[in-house]
Structure formats: C-alpha cells, structure tokens
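Commentary on secondary and tertiary structure
Residues per chain are reported as follows:
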Amino acid sequence: MATLTDIATACGVSKATVSRVLNNDSDFSVSLQTRNEILSTAAALNYDVEKQLRSRKKQNLSTQVDSAKPSVLKIGILSHDLTDQTTCDDYYNQIFSSIISTLNSLTLPFQFEFRHSFRDSYEELEGLDGLIVLGKLRVDPFHPVMNTIKYKLSVDYKAPENLFDSVRVDFHEVIRTAIAHFHSLGLYDIGFVGAYDYITDFKTGKRERQLEYRHKAFIDYCLHDHIDPADKVWITDSFYTEECYRMTNAIIQSGKLPPALLFAADSMALGAYKAFQEHKIEIGRDVSIIGIDNLYFTSFLSPPLTTVSLNIPLIGAATSHMLLSQIQGRTCPLTVHTPIHLIERGSCRPAPPPG
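The notes below deal with the structure included here. All figures in this text were calculated on a predicted structure; none of them were measured in a lab.

How each quantity is defined
- Residues numbered from 1 in each chain as written.
- Predicted model: local features only at pLDDT ≥ 70, side-chain atom pairs only at ≥ 80, totals over all residues.
- Heavy atoms only, no water.
- Salt bridge = Lys/Arg side-chain N within 4 Å of Asp/Glu carboxyl O.
- Buried < 20%, exposed > 50% of the residue type's maximum accessible area, 1.4 Å probe, protein only.
- Helix = DSSP H or I, 4+ residues; strand = E, 2+ residues; numbered from the N terminus.
- Axes fitted to C-alpha atoms, helices over the stretch in contact; angles between N-to-C directions.
- Parallel < 35°, antiparallel > 145°, perpendicular 65-115°, else oblique.
- Left-handed = near helix turned anticlockwise from the far one by under 90°.
- Contact = heavy atoms within 4.5 Å.
- Nonpolar A, V, L, I, M, F, W, Y, C, P; charged D, E, K, R; others polar.
- Patch = residues over 30% accessible without salt bridge, like charges linked within 9 Å, V, L, I, M, F, W, Y side chains within 5 Å.
- Areas by Shrake-Rupley, 256 points an atom, 1.4 Å probe, with all protein chains shown as cover.
- Lys, Arg positive; Asp, Glu negative; His and termini not counted.
- Charge placed at Lys NZ, Arg CZ, Asp CG, Glu CD.
- Pairing = 2+ DSSP bridges.
- Arc of directions from axis to C-beta.
- Polar contact = N/O pair within 3.5 Å; in protein donor to acceptor, adjacent residues only side chain to side chain.

With respect to the pattern of salt bridges
- Going through the model one piece at a time under the given rule, you end up with twelve salt bridges.
- Here Glu113 makes a salt bridge to Arg115, at a shortest N to O gap of 3.1 Å.
- Overall, Arg115 belongs to the partly exposed group, its relative accessible area being 29%.
- The closest approach of N and O atoms between Arg138 and Glu208, which form a salt bridge, is 3.4 Å. Here Arg138 is found in strand E4 (residues 137-138), whereas its partner Glu208 is found in strand E9 (residues 207-210), with 70 residues between them in sequence.

Spelled out as structure tokens, the structure:
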C-alpha cells in the first residue's frame with residue numbers, strides 16, 4: 001500500500017514535504033518542479049484512491065471486485081532477466097521485489113499466488129489468472145493460452161501491438177534531463193556510452209539485437225542539434241561494468257575523450273570510474289559524467305555519481321496498481337511512464353570560463 005514515505009523516497013524529499021504538498025498547504029513554499037514531481041508520483045501510485053479505500057470497510061472494497069473471482073489469483077512473472085538470488089543492485093530484481101511487496105501489502109478479499117519459473121512453453125502458462133512480462137521478452141498476444149489469461153501487463157518493454165498494459169520509463173525524457181543538466185553547466189561537447197539491446201522470443205528463446213531506447217534517444221538529440229553521432233557515441237555489447245571499463249579505456253587512448261560523458265547505466269559508469277582513475281583523469285574536474293538508474297552504490301563513489309533516478313521501486317508499485325485496476329474491472333489497455341528525476345552530485349562541475 002502506497003504511503004507518504006513511499007512518495008517521499010521516490011522523490012528524494014521529506015515525508016513532511018510530501019504531506020504539505022498533497023494537502024495543498026498555502027503556507028508552505030516549494031519549487032514548482034518539486035511540487036509537480038510529488039503530484040505525478042502520487043498519481044502514479046494511485047495514492048488518493050488508496051486514502052479513500054482505507055476509509056471504507058473491507059466489504060465495500062469487495063463490491064468492486066467480481067464476486068465470481070477465486071479467492072486465490074494465480075499471477076505469473078515471466079522474465080529471462082531475473083537471477084536466482086535477489087541482489088540489491090539488480091534492476092529487474094528490484095522491480096520484481098517491489099511488485100511482490102506492493103501486492104502483498106494490499107488489503108483485498110483475495111490472495112495472490114506468484115509463479116516465476118517457466119521454460120519457453122506457452123502450455124506452462126495455462127491456468128494463470130494474470131501475467132506480468134518483466135523485461136525484454138517478446139510474447140505472442142494471439143496464442144490460445146495467452147487469450148485465456150485475463151490480466152496482462154508488460155514492464156520495461158512495449159506490450160505487443162499495445163493490446164495490454166505497459167509500465168515503462170520514457171528514456172527520451174531521461175536523456176533530455178541529463179543533457180539539460182550538462183547544458184546548465186556550460187557543457188555542450190557530450191559523448192554517450194551505451195549498449196545494444198537484446199529481445200528474447202519467449203517460444204524459441206532466440207535473441208534479437210537492436211538499438212536500445214537510450215541509444216536511440218541520444219541519436220535523436222544529435223540529429224536535432226546537427227551533431228554527427230558517429231563522433232559522440234560508443235556502444236558496447238552489454239551493460240556489464242567490465243565492458244564499459246574496456247570501452248572507456250579505448251576512448252581515452254583514442255584521444256577523443258569529450259569533457260562530458262553520459263552513461264546509459266550506473267553499472268557502466270562504475271567501470272568508467274576505474275578506467276579514469278588508472279589514467280589519473282579526475283572526474284568532476286577533467287571530465288563530467290552522468291549515469292542512469294540511481295543504483296545503491298552511486299552515492300558511495302568518489303566523487304558521488306550524478307545520475308538520473310528511474311524511481312525503480314515505483315515501477316514495481318505502479319505495475320501492481322495497474323494489475324489491481326484490471327481486476328477491479330478496467331478493460332482499456334493503458335501505457336504508464338513512471339516519473340524520473342536527476343540527482344546532482346559531485347561527478348559534474350561547470351565548464352571552465354573561456355580563456
């Protein structure tokens with residue numbers, strides 16, 4: 001169940017600030033950006049509705065749900081990106097954990113049973129009431145078994161033909177936010193280090209390589225500003241830290257290191273830190289860098305990493321509430337882009353004055 005603390009954590013502000021903004025306290029002064037971020041986060045978490053639900057008796061909620069539904073709803077979590085052991089820095093494991101904890105926290109007249117071990121067979125999905133496709137996985141929405149699953153969502157990837165719900169990050173907004181921060185510091189010569197995307201077909205297990213959303217968004221920025229992306233973009237085969245360590249070394253050795261670098265993921269920036277330290281290039285002075293994700297280690301780096309927070313727990317919470325709204329009767333497919341915000345730290349500094 002969403003709380004003031006959930007909203008405060010997602011927005012990086014205090015619980016008191018969230019409370020006063022949501023209560024429209026006329027004596028409280030806060031920036032328009034912060035106010036809009038709190039309001040959009042509260043809306044994504046369906047906070048206002050939850051306040052009303054908490055004031056009702058449990059039997060009133062029961063009337064919103066079809067009485068013919070079973071007391072236990074079987075929900076499949078379909079993903080090739082989850083690891084066997086949940087780690088605090090893994091993107092999909094964090095989303096998965098948030099989905100489970102949010103659904104388990106809701107006061108409902110039924111329970112959820114989660115299943116997440118499937119081996120490339122639609123027949124294994126038989127008997128599910130709902131399905132959450134987590135990550136870069138392509139499913140056939142017209143498969144007979146898929147048609148029997150009433151509640152379906154796609155997380156971090158577009159639902160096929162927009163036939164069911166999607167919860168995604170708007171990575172064009174993420175890239176624009178990072179570039180705008182560089183520009184505010186007088187940094188206009190910006191490079192991008194990203195990775196290829198791989199989409200896995202659920203039935204065949206075949207992986208198809210394609211351009212990743214952040215990569216495409218940066219190319220769009222370059223083309224809009226008449227910049228040749230070939231001179232500003234470096235792409236590795238994966239988001240692994242080691243891959244980016246090697247790539248950053250190659251950029252440094254090429255003599256083409258720009259004064260500002262945007263990394264497609266914090267895990268990639270971590271590899272760059274090691275490369276810069278080995279070459280005695282001071283981050284925040286000789287080069288400014290921004291990451292994406294706001295993973296747990298970013299505030300512990302030296303200097304701490306400026307990053308665009310994707311509000312990862314909020315992605316899971318929004319997924320849970322969209323599933324609940326389907327169960328309560330919504331049939332129109334929706335696409336939700338969860339809010340993001342930049343966290344400014346020491347890895348970026350203003351460009352030196354000319355001359």
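Looking at the packing of helix H10 (residues 241-254) against helix H11 (residues 266-278)
- At a minimum axis separation of 7 Å, H10 and H11 run at an interaxial angle of 45 degrees. Regarding the angle of H10 to H11, the classification is oblique. Note that H10 runs across H11; the crossing there is right-handed. Residue-level inspection shows Thr241, Cys244, Tyr245, Thr248, Asn249 and Ile252 of H10 in contact with H11, the latter providing Ser267, Met268, Leu270, Gly271, Ala272, Lys274, Ala275, Phe276 and Glu278.
- Residues of the contact of H10 with H11, tallied by class, amount to eight nonpolar, five polar and two charged.

A word on a negative patch on the surface
- The grouping of Asp120, Glu123, Glu124 and Glu126 at the surface amounts to a negative patch.
- Its place among the elements puts Glu124 in the loop between strand E2 (111-115) and strand E3 (130-134).

A closer look at the side chain of Gln326
- Mapping Gln326 onto the fold places it in helix H12 (residues 312-327).
- On the basis of relative accessible area, Gln326 is assigned to the buried category, the value being 9%.

So, the pairing of E9
- Bridge count between strand E8 (residues 197-201) and E9: four bridges; the pairing is antiparallel. Among the inter-strand pairings, Asp197 is bridged to a residue of E9, identified as Gln210.
- Connecting E8 to the next strand, E9, in antiparallel fashion are five residues, including Gly205 with a positive phi near 80 degrees.

Focus on the side chain of Asp293
- If you trace the backbone, Asp293 turns up in strand E12 (residues 288-293).
- We note that Asp293 is buried and unpaired, the nearest opposite charge coming from Arg214 at a distance of 4.3 Å.
- Not counting residues within four places of it along the chain, the set of residues in contact with Asp293 comprises Tyr91, Arg214, Ala265, Asp266, Thr307, Val308, Ser309, Leu310 and Ile312.

Details of unusual backbone geometry
- The linkage connecting Ser302 with the following residue, Pro303, adopts the cis geometry, with an omega of -5 degrees.
- Positive phi is not limited to glycine here, since Lys280 has a value of about 55 degrees.
- Position of Lys280 among the secondary structure elements: in the loop between H11 and E12.
- The backbone of Asp293 shows a phi angle near 135 degrees, a positive value even though the residue is not glycine.

Considerations on helix H2 (residues 15-22)
- For H2, the set of buried residues is Thr17, Val18 and Val21. Mapping the buried residues of H2 onto a view down its axis gives an arc of 100 degrees, with all of them on the same face.

Considering the environment of Thr248
- The topology assignment puts Thr248 in helix H10.
- Along the backbone, Thr248 and Ala272 are 24 residues apart, and their C-alpha atoms lie at a distance of 5.6 Å.
- Beyond its immediate chain neighbours, meaning those up to four positions away, Thr248 contacts Phe263, Ala272, Ala275 and Phe276.
- Separated by 2.8 Å, the side chain of Thr248 and the backbone oxygen of Cys244 make a polar contact.

Some details on the sheet that holds strand E1 (residues 72-78)
- Across the sheet, six strands lie side by side as E2-E1-E3-E5-E6-E14; this open sheet has parallel pairing. Both edges of this open sheet fall to E2 and strand E14 (335-337), since each of them pairs with a single strand only. Here the strands of the sheet are splayed against their neighbours by 20 degrees on average, with no regard to which way each runs.
- Strand direction decides the pairing type here: E1 and E2, joined by five bridges, are parallel. By the bridge assignment, Lys74 is partnered in E2 with Glu113.
- Strands E1, E2, E3, strand E5 (151-155), strand E6 (165-168) and E14 of the sheet are contacted by H12, whose axis makes an angle of about 160 degrees with E5.

Spatial relationships are all this shows, so hold off on functional conclusions.
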